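Geometric and topological summary
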Amino acid sequence: MRWRWIVLLVVSVMAGCNAQGTRPAPPGNAQNVWVWWEGEKPAVTNFPERHTFEPANAQEASVLSEGRWIGADGNYGGKTLFLEYEVKVPQTATYYFFARKFWKHGPFRWRFDSQEWQVCGRDVSLLDEAPIRQFVVANWVSLGQVKLSAGTHRLRIEVLQNEGAVCFDAFLLTTSYTVPNGKLKPGQKYNLAMDGWFAFEPDPDTFRPSPIDLRSLNEKFAGENGWIVVKNGQFVHSKTGKPVRFWAVNAGPDIIRMDRASVDHLARMLAKYGVNMVRMHGGIWGQDYTKVDREYLDKYFYFISAMKRQGIYCTLSIYFPLWLRFTREDGYGDYNNQHPFAMPFFNQRFQQIYRGWWRDLMTTPNPYTGVALKDEPAVAMVELVNEDSYFFWTFTPYQNIPAQQMEILEKAFGEWLKQKYGSLGAAFSAWGGERIRGDNEAEGRAGFMGLWEMFNQRTKRAQDTAEFLAKHQRQFFAQMRDYLKRDLGYKGLVQASNWITASAQILGPLDKWSNAVCDYMDRHGYFGGPHEGERAGWSLSVGDLYDDACALTEVAKGSLPLMDVIYNGLPSIISEVNWTPPNRFRADFPFLFATYGVLQGTDGVYFFALSGPSWQQVLSKFSIQTPVVFGQFPAAALVFRQGLVQEARPVVVANLKLSDLFALKGAPVSQPVNLDELRARDIPAGQTTAVSQLEAIDPLAHLVGKVVMNFVERDTPSQIADLSRYIDRTAGRVRSVTGELLWDYAKALVTVNAPKAQGACGFLRDAGTLRLNDVTVKADMEYGSVLLVPLDGQPLRTSRKMLLQVMSEDTNYGWSAPGTGKRAIRSLGTAPINVRRFGGTVTLTRPDARQLKVTPLDCNGYPTGRASTGGTITLQPSVMYYLIER
């Protein structure tokens, strides 16, 4: 046992905000009181003097409060490790209690004095992340609330493991909810910025009235206007018939498991920034995958209720094969710690478990609303299977799927062939008599060829195999749709899956046809430059090699995740999308999905993924709560949700005959087209012409207007506009059919010039002066975005309240990757996130421009600095938003 001096506690009771103070208390609270103490300064402990996770240098120490933390590793020698602290609180109150610790390592229990023990388990949600070195991070976690009287209290912590990592850096009590900020005490800031950058360190948001607060765009509560239904190819509210688009985010189990105060804070922040949908993406089972985790279900229900209160709908996504691994002991055959790819489509035992998850989830009353999810309009949509398909490379018979499981499919295939040919022998004869693994006429089984052979050989056997798999997969989706809607009574929308295939041209349309049996279509997409490293798929690490990539120029090389296809007139969403770091060119991301999303008829954009209850302190692989992404939500969400640009008419309608798809003739792929072959010169201006066979779709058509694919039973001519009127490959420009959007991929510049939305993104400095209908932009930023939108729904020429939004680049303070081209990350840097300084002018050219009042807003959207009058706005180095009023 080791004794320490009792630490002098930092106690603050302030209403202001300075280096030693706290944030202003939310409305209804006179002040915030907080108490901070260091983890490495207990009154008494039996923790060892040294441990493996101590900082190795000054940079690592700089991440920790006072440069140190207390910890242990290895075997504890049979001891129960404990810490005790003397904690003096200045007033009687109920306090929020937080601990800064090493990731999820070291579960523990804690209590003040003789109160009941409380447990912090291994599944605790992390509120932030501060990397120290590879695999070593410091994270704040919420320990809930505790009632304490004024005076000194004894806190005891006991570690609930006999070996392994455990570390504590600091603890915090606060009377008003706050999101802890790394090693900083409430009210402190890093004030660290590299040359040419500013530190992005917003004050804690109290959600007082702000011009960028879009909470009023949402209903008073999600479902106020009824269920979300499909009408005329779009989502509408059932009570009003009013169309709705979803500006959405993804939340995984770590977010859903957060304490209630953190969930409430997140919900309010999302609503402020224009979000009206959250995809809850994660399994709902516990250690026993066959049963729903009831403790997690309670968190799940609270999360839905909190979002509902802020007018935010939920999409439920509960199954992804990568969340499970099976071995022989699980009873499915020779799985060797493998994922169960395709299993829901054919294994009845697994289907019963799968249905059980949905039954328990949808029929259990939500204790926070009193309503089961099947009857909850706020649960607008459910997704059946995430990223899995018979037609993706993971469907490798006898490898990813063991022989015992393949026998199930082989028998089903055999039965299907008997129905088609009269007997299995007749099918084998029709295929030329050649036999492959799995063929067994006596047992009624037919084997499966590989996907590569299927879409390359396209033999009769390949065609039958593809048709069977497509129909079998579609049957599963139809059965599950009916189970949810008919058997369980769910009144919302059901979506099948969202994955790609081994061959976009040959197998892609078969997969989409199987998905089209449900209510709407979905896809996923990510964009970034090359990124190589052991953990590059999910993380940023020192030593990784990467290069930057600009979507505005890459579009000339092929398709982007932005490019949508409308199938069978169904609504279309992209439920996972990100422009991932370490690419510096990401400022175009929200801008493009807002503008071209509306143009193409996209009904929902789901940014992937949330990482905590508030802004991130450092960039991560899938960052969205950052200035470049989340910081651009206000204007972008307004463009997308209010339709501030026009939705285009179809410029391509490809009618795909099912029998041709089953014959593996494929669909038009996204590749440049020789327009002469399609008789472009014969097409009247603004019209489309019929073509008997559409061989390919130019990917740039998506930047012109809407691209539609229909699955049809009989020959139906396709339609295509004269795209040469809009696509100028010589100049490297694509103009939308609406005339409001121009994509210059030669100059890496996109402009929007609509009555209610005007601006640009890309290499703005090189673009020089951009003259749009009502605004002139001359930005002194190498890369960034500038977007002007009305806040009163009126055209910019007459609007009395407008928002100007500006963005450039963001990175971590101290990020280092010297050189150009593909280069190594030398340092990930630390908090705070830095934003490259803004510069230039934006001039409104409307007749009354001189009478306009311009108010700069801070990063939370509250007035800062002096207001000015006149039509020319000189962009301030660190101001993201400007309120413009008449």
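Criteria and cut-off values
Residues numbered from 1 in each chain as written. Predicted model: local features only at pLDDT ≥ 70, side-chain atom pairs only at ≥ 80, totals over all residues. Heavy atoms only, no water. Helix = DSSP H or I, 4+ residues; strand = E, 2+ residues; numbered from the N terminus. Rg over C-alpha atoms; globule rule 2.2 N^0.38 Å. Buried < 20%, exposed > 50% of the residue type's maximum accessible area, 1.4 Å probe, protein only. Contact = heavy atoms within 4.5 Å. Areas by Shrake-Rupley, 256 points an atom, 1.4 Å probe, with all protein chains shown as cover. pLDDT = per-residue confidence, 0-100. Polar contact = N/O pair within 3.5 Å; in protein donor to acceptor, adjacent residues only side chain to side chain. Pairing = 2+ DSSP bridges. 1 Å grid on protein atoms, 1.4 Å probe; cavity = no way out; pocket = protein on both sides within 12 Å on 5 of 7 lines; lining within 4 Å. Points joined across faces, edges and corners; volume = space filled by probe spheres on them. Nonpolar A, V, L, I, M, F, W, Y, C, P; charged D, E, K, R; others polar. Axes fitted to C-alpha atoms, helices over the stretch in contact; angles between N-to-C directions. Parallel < 35°, antiparallel > 145°, perpendicular 65-115°, else oblique. Left-handed = near helix turned anticlockwise from the far one by under 90°. Salt bridge = Lys/Arg side-chain N within 4 Å of Asp/Glu carboxyl O. Core = buried A, V, L, I, M, F, W, Y, C linked by side-chain atoms within 4.5 Å. Expected span 1.5 Å × (residues − 1). Right-handed = clockwise from strand over helix to strand, strands pointing away. Phe/Tyr/Trp six-rings, centres within 6.5 Å; stacked < 30°, edge-to-face > 60°. Lys NZ or Arg CZ within 6 Å of the ring centre and 35° of its normal.

**Details of the overall build of the chain**
When its secondary structure is counted, the chain shows 16 helices and 52 strands. By the compact-globule yardstick of 29 Å for 886 residues, the chain fits well, its C-alpha radius of gyration being 29 Å. When the backbone C-alpha atoms are referred to their principal axes, the chain occupies close to 85 × 75 × 55 Å. Looking at the chain as a whole, 62% of its 886 residues are labelled buried. Residue pairs at least 24 apart in sequence account for 75% of intrachain contacts in the chain once pairs closer than 6 positions are excluded. When the accessible area of the chain is evaluated, it comes to approximately 33,300 Å², of which 47% is carbon and sulfur surface.

**Quick notes on the confidence of the model for the chain**
Averaged over all residues, the pLDDT of the chain equals 93, while 94% of them reach at least 70. Predicted confidence for residues 1-29 stays below pLDDT 50, and this span has 91 contacts to residues more than four positions away or in other chains.

**Brief notes about the environment of Gln338**
Considering the arrangement of structural elements, one finds Gln338 in strand 21 (residues 336-338). A relative accessible area of 18% places Gln338 in the buried class. For the pair Gln338 and Phe303, spaced 35 residues apart in the sequence, the C-alpha separation amounts to 31 Å. Excluding residues that lie within four positions of it along the chain, Gln338 makes contacts with Leu324, Arg325, Phe326, Gln399 and Asn400. Reaching out from Gln338, the side chain makes a polar contact with the backbone oxygen of Gln399 at a distance of 3.1 Å.

**Regarding the pairing of strand 12 (residues 151-159)**
Relative to strand 12, strand 6 (residues 82-89) runs antiparallel, the two being bridged by eight bridges. When the sheet's bridge partners are listed, Val89 is paired in strand 12 with Gly151. Bridging between strand 8 (residues 108-112) and strand 12 involves five bridges; their strand directions are antiparallel. When the sheet's bridge partners are listed, Phe108 is paired in strand 12 with Val159.

**A few points about the sheet that holds strand 41 (residues 770-771)**
Note: strands within a sheet are paired through backbone hydrogen bonds, in either parallel or antiparallel orientation. The sheet built from four strands is open, its strands ordered 41-42-48-51 with antiparallel pairing. The open sheet has two edge strands, strand 41 and strand 51 (872-874), and neither has a second partner. With three bridges connecting them, strand 48 (residues 840-844) and strand 51 associate as antiparallel partners. What sits directly across from Thr841, in strand 51, is Thr874.

**Some details on empty space enclosed by the protein**
The tally for this structure, following the rule as stated, stands at one cavity of 30 Å³ or more. Of the volumes computed, that of the largest cavity is approximately 40 Å³. Around the largest cavity, the lining residues are Pro590, Phe591, Gln632, Ala636, Ser785, Val786, Leu787 and Gln805. At the level of elements, helix 13 (588-600) and strand 43 (784-790) are the ones that each hand at least two residues to the lining of the largest cavity. In terms of residue count, the dominant contributor to the lining of the largest cavity is strand 43 (three residues). Split by residue class, the lining of the largest cavity holds five nonpolar, three polar and no charged.

**With respect to the packing of helix 10 (residues 460-487) against helix 11 (residues 508-515)**
Where helix 10 contacts helix 11, the axes come no closer than 8 Å and their chain directions differ by 25°. In terms of axis orientation, helix 10 runs roughly parallel to helix 11. In terms of crossing hand, the pair formed by helix 10 and helix 11 is right-handed. Along its contact with helix 10, which presents Ala466, Ala470, Lys471, Gln473, Arg474 and Phe477, the element helix 11 presents Leu510, Asp511, Trp513, Ser514 and Asn515.

**Some points on the pattern of salt bridges**
Counting across every chain of the model gives 56 salt bridges. A salt bridge links Asp203 to Lys189; its shortest N-O distance comes to 2.8 Å. With Asp203 in the loop between strand 14 (197-199) and strand 15 (228-231) and Lys189 in the loop between strand 13 (166-174) and strand 14, this residue pair connects regions lying 14 residues apart in the sequence. Residue Lys557 pairs with Glu554 through a salt bridge whose shortest N-O separation is 3.1 Å. With relative accessibility at 67%, the residue Lys557 sits in the exposed group. In this structure, a network of salt bridges that share partners links the residues Glu84, Glu86, Arg109, Arg154, Arg156 and Glu158.

**Examining the nonpolar core**
If you look at the biggest cluster of nonpolar residues, it comprises 228 residues, and the most contacted ones within it are Leu316, Trp357, Trp358, Leu361 and Trp743. No other element matches the eleven residues that helix 10 contributes to this core. When residues no more than four places from it in sequence are discounted, the contact partners of Leu361 are Ile284, Leu297, Tyr300, Phe301, Leu316, Ile318 and Leu373. Membership of the second largest hydrophobic core comes to 33 residues, among which are Phe47, Leu83, Cys120 and Phe168.

**Section: helix 6 (residues 348-363)**
Taking 1.5 Å per residue as the helical rise, helix 6 with its 16 residues ought to reach 22 Å, and the 22 Å between its terminal C-alpha atoms agrees with that figure. For helix 6, the full list of buried residues reads Phe350, Gln351, Ile353, Tyr354, Gly356, Trp357, Trp358, Leu361 and Met362. Buried residues along helix 6 sit in contact with helix 4 (294-309), strand 19 (313-317), strand 20 (326-327), helix 5 (343-346), strand 22 (379-383) and helix 10. Capping of helix 6 at its N-terminal end is provided by Asn347; its side-chain oxygen lies 3.0 Å from the backbone amide nitrogen of Arg349.

**Quick word on the pairing of strand 29 (residues 604-607)**
Judged by which residues are buried, strand 29 turns out to be covered on both faces: Gly604 and Tyr606 on one side and Val605 and Phe607 on the other are all buried. Across four bridges, the pairing between strand 17 (residues 246-251) and strand 29 is parallel. Each residue of the ladder has a partner; that of Phe246, found in strand 29, is Gly604. Relative to strand 29, strand 28 (residues 572-579) is paired through three bridges, and the arrangement is parallel. Each residue of the ladder has a partner; that of Ile574, found in strand 29, is Val605. Once the chain exits strand 28 it traverses helix 13 before rejoining the sheet at strand 29, and the crossover so formed is right-handed.

**Quick word on the packing of aromatic side chains**
With the rule as written, the count across this model stands at 76 aromatic pairs. One residue, Lys104, lies across the ring of Trp103, its end atom 6.0 Å from the ring centre. Geometry around Trp513 places Arg474 over its ring, the cationic atom sitting 4.3 Å from the centre.

**Quick notes on helix 10**
Under the 1.5 Å per step criterion, the end-to-end length of helix 10 is 39 Å for 28 residues, consistent within 8% with the ideal 40 Å. Residue Gly489 follows helix 10 closely and has a positive phi angle near 85°.

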